[in-house]
Amino acid sequence: WSDYVFQTGYRLRPLSEVNAYIQANHHLPDIPSEAEVKEKGVSVGEMQSKLLAKVEELTLHMIQADERNNRLEQQNRDLRDRIARLEKSVAGATATAAK
């Protein structure tokens, strides 16, 4: 079944690589092209397995994007806090110098 996508050694293609494949071949990797399906047909069970693998890959990409987004949000909060501390420090030093 398609759970092999969740195995440790599975190589999840970066989306940039998937995009390049689509641009070159006009279909998803590991999915037959329209011409192949017209010529040879398609096994519904096999296609269901392939489509489930694609859904699972998309889920992994979404998890990665969520993790990256959470890291960026934390970095943003940290930087805003740092800027606020620096501004407070500069304002205090400016007030002291003005006296």
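Here we summarise the structure given alongside this text. Here the structure is a predicted model, which means the values were calculated and not measured. (Residues numbered from 1 in each chain as written. Predicted model: local features only at pLDDT ≥ 70, side-chain atom pairs only at ≥ 80, totals over all residues. Heavy atoms only, no water.)

Time to look at the side chain of His-27. Relative to the helices and strands, His-27 resides in the loop between α1 (15-25) and α2 (34-40). Of note is the side chain of His-27, whose polar atom sits 2.7 Å from the backbone oxygen of Ile-31. Not counting the four nearest positions on each side in its chain, His-27 is found in contact with Tyr-21, Ile-22, Pro-32 and Ser-33. (Helix = DSSP H or I, 4+ residues; strand = E, 2+ residues; numbered from the N terminus. Polar contact = N/O pair within 3.5 Å; in protein donor to acceptor, adjacent residues only side chain to side chain. Contact = heavy atoms within 4.5 Å.)

So, on to the packing of aromatic side chains. Scanning all chains against the criterion turns up one aromatic pair. Aromatic pair Tyr-4 and Tyr-10: ring centres 5.7 Å apart, planes at 65°, arrangement edge-to-face. A residue is classified by how much of its surface remains accessible, and Tyr-4, at 42% relative accessible area, is partly exposed. Taking the relative accessible area as the measure of exposure, Tyr-10 reaches 25% and is therefore partly exposed. (Phe/Tyr/Trp six-rings, centres within 6.5 Å; stacked < 30°, edge-to-face > 60°. Buried < 20%, exposed > 50% of the residue type's maximum accessible area, 1.4 Å probe, protein only.)

This next bit is on the layout of surface pockets. Counted as a void, the largest pocket has a volume near 160 Å³. Lining of the largest pocket is provided by Leu-12, Arg-13, Leu-15, Val-18, Leu-28, Pro-29, Lys-54, Glu-57, Leu-58 and His-61. When residues of the lining of the largest pocket are traced back to their parent elements, those giving at least two are α1 and α3 (44-98). Top element by residues in the lining of the largest pocket is α3. It accounts for four residues. Its residues assigned to classes, the lining of the largest pocket shows six nonpolar, one polar and three charged. (1 Å grid on protein atoms, 1.4 Å probe; cavity = no way out; pocket = protein on both sides within 12 Å on 5 of 7 lines; lining within 4 Å. Points joined across faces, edges and corners; volume = space filled by probe spheres on them. Nonpolar A, V, L, I, M, F, W, Y, C, P; charged D, E, K, R; others polar.)

Now for the environment of Val-90. Relative to the helices and strands, Val-90 resides in helix α3. Counting along the chain gives 30 residues from Val-90 to Leu-60, while the straight-line C-alpha distance between them is 45 Å.

What follows is about α3. For α3, which comprises 55 residues, the first-to-last C-alpha distance of 79 Å matches the rise-based estimate of 81 Å (1.5 Å per residue) to within 8%. For α3, the complete set of buried residues consists of Met-47, Ser-49, Ala-53, Lys-54, Glu-56, Glu-57 and His-61. Where α3 is buried, its residues touch α1. (Expected span 1.5 Å × (residues − 1).)

So, about the pattern of salt bridges. Working definition: two side chains of opposite charge can pair if their charged atoms are close together. Going through the model one piece at a time under the given rule, you end up with six salt bridges. The salt bridge partner of Arg-13 is Asp-30, with a shortest N-O separation of 3.8 Å. Note that Arg-13 is positioned in the segment before α1 and Asp-30 in the loop between α1 and α2, a separation of 17 residues in sequence. For Arg-13, a relative accessible area of 25% puts it in the partly exposed group. Using a relative accessible area of 44% as the deciding quantity, one classes Asp-30 as partly exposed. Residues Glu-46 and Lys-50 are paired through a salt bridge, measuring 4.0 Å at the closest nitrogen-oxygen approach. Of this pair, Glu-46 and Lys-50 both sit in helix α3, separated by four residues, roughly a single helical turn. Members of the salt-bridge network, linked through shared partners, are Arg-13, Asp-30, Lys-54 and Glu-57. (Salt bridge = Lys/Arg side-chain N within 4 Å of Asp/Glu carboxyl O.)

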